[in-house]
Amino acid sequence: GQNIDQPTEMTATEGAIVQINCTYQTSGFNGLFWYQQHAGEAPTFLSYNVLDGLEEKGRFSSFLSRSKGYSYLLLKELQMKDSASYLCAVTNTGFQKLVFGTGTRLLVSP
Amino acid sequence: DGGITQSPKYLFRKEGQNVTLSCEQNLNHDAMYWYRQDPGQGLRLIYYSQIVNDFQKGDIAEGYSVSREKKESFPLTVTSAQKNPTAFYLCASTKTGAQPLHFGNGTRLTVT
């Protein structure tokens, strides 16, 4: 089976940096995705990590450690529009399916 | 423009009735997925299909059924056997599992 853990909620201030952690236990891990979801909308893709290390994409970066079953999403220069849920998801051997964590709701205040 | 379309956006049904949610994609994607999302929760996998005429149960398949007769279409039927059907349903597709999922805009089903 698969078990994915994320904090339920985080708060941060506009302009700050926030790190959202995700730990996973899974058989046959292949890769990890991060998605952003605004309330009532569909998730949108942010990043995909297969190898250990940091992937940077503008204000967002994602890190993966396969040996530790750990990933984080780093958001810099926070903006009000970054208030959303952030979903961590892992894909299994053969890339057959994507299993999501419960998501972290991020609230950015002025 | 290619995309994935779910209809309708809002759906209301009486308890005991079956209801079918539509999902169509013109992205030429092989794999399609159905997820359910409850308030404040993550996405839970209901069914997925890697190829036409084949599909597999996800983590919460009980009370649901699907078909994959065409590559473009993956309808989900919520049967009367589903105990708590009221939820936000998301359909997604991808070329391969190593590629990001493309999501439809979702169908919010309310059963009373």
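Structure report, in brief. Since this is a predicted model, take the numbers as computed values, not measurements.

Brief notes about the environment of A:Ala12
Consideration 1: Checked against the element boundaries, A:Ala12 lands in strand β2 (residues 9–13).
Consideration 2: Along the backbone, A:Ala12 and A:Lys57 are 45 residues apart, and their C-alpha atoms lie at a distance of 20 Å.

Brief notes about the sheet that holds strand β8 (residues 76–78) of chain B
Residue and element names in this part refer to chain B.
Consideration 1: Pairing is antiparallel in the open sheet, where four strands are placed in the order β1-β3-β8-β7. Looking at strand neighbours, the two that pair on one side only are β1 (4–7) and β7 (64–66), the edges of this open sheet. With direction set aside, neighbouring strand axes in the sheet form an average angle of 20°.
Consideration 2: Of the strand pairs in this sheet, strand β3 (residues 19–25) and β8 are connected by three bridges, and their pairing is antiparallel. Residue pairing across strands places Leu-21 opposite Leu-76, the latter belonging to β8.

Brief notes about the sheet that holds strand β8 (residues 70–75) of chain A
By way of backbone hydrogen bonds, the strands of a sheet pair with one another, either parallel or antiparallel.
Residue and element names in this part refer to chain A.
Consideration 1: Pairing in this open sheet of five strands is antiparallel, and the strands run β1-β3-β8-β7-β6 from one edge to the other. Every other strand in the sheet has two partners, leaving β1 (2–5) and β6 (53–57) as the edge strands with one partner each. Taken over all neighbouring pairs, the strand axes of this sheet differ in orientation by 15° on average, direction set aside.
Consideration 2: Pairing analysis gives six bridges linking strand β7 (residues 60–65) to β8, with the strands arranged antiparallel. For Phe-63, the partnering residue across the bridge sits in β8 and is Tyr-72.

Conventions we followed
Residues numbered from 1 in each chain as written. Chains lettered and ligands numbered in written order. Predicted model: local features only at pLDDT ≥ 70, side-chain atom pairs only at ≥ 80, totals over all residues. Heavy atoms only, no water. Helix = DSSP H or I, 4+ residues; strand = E, 2+ residues; numbered from the N terminus. Pairing = 2+ DSSP bridges. Axes fitted to C-alpha atoms, helices over the stretch in contact; angles between N-to-C directions.

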